[in-house]
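Descriptive analysis of the structure
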Amino acid sequence: MSRENPDFEGIRDRIKELRKSKELSQEMFGKRIGLRRQDIHAIETGSRQPGLTVLYRLVVEYETSMDWIVLGIK
């Protein structure tokens with residue numbers, strides 16, 4: 001992965017994995033970080049890329065690391 005080509009497929013897969021590990025619907029998962037169900041669906045299917053603000057909200061709300069979401073490093 002390079003700076004020019006972030007691994008958005010990996011990011012979306014890890015976001016979906018995080019949501020499922022919390023046993024939350026897209027609606028409930030998004031609500032906790034200020035997004036609509038449609039936004040979460042778009043991120044998980046790859047039609048929308050999450051911005052830094054969304055990634056930060058995920059890290060804070062779901063107590064995970066930015067390294068894991070972005071790079072897959074635990």
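These numbers come from a predicted model, not from an experiment. (Residues numbered from 1 in each chain as written. Predicted model: local features only at pLDDT ≥ 70, side-chain atom pairs only at ≥ 80, totals over all residues. Heavy atoms only, no water.)

1. Remarks on helix α4 (residues 52-61)
- Turning to α4, its buried residues number three or more, namely Val54, Leu55, Leu58 and Val59. Projected onto a plane normal to the axis of α4, the buried residues spread over an arc of 140° and lie on a single side. Opposite its buried face, α4 presents the exposed residues Leu52 and Tyr56, each directed more than 90 degrees away.
- Looking at the packing, one finds that the buried side of α4 touches α1 (8-21), α2 (26-31), α3 (37-45) and α5 (66-71).
- Backbone geometry just downstream of α4 places Glu63 in the positive-phi region, at approximately 50°. (Buried < 20%, exposed > 50% of the residue type's maximum accessible area, 1.4 Å probe, protein only. Helix = DSSP H or I, 4+ residues; strand = E, 2+ residues; numbered from the N terminus. Arc of directions from axis to C-beta. Contact = heavy atoms within 4.5 Å.)

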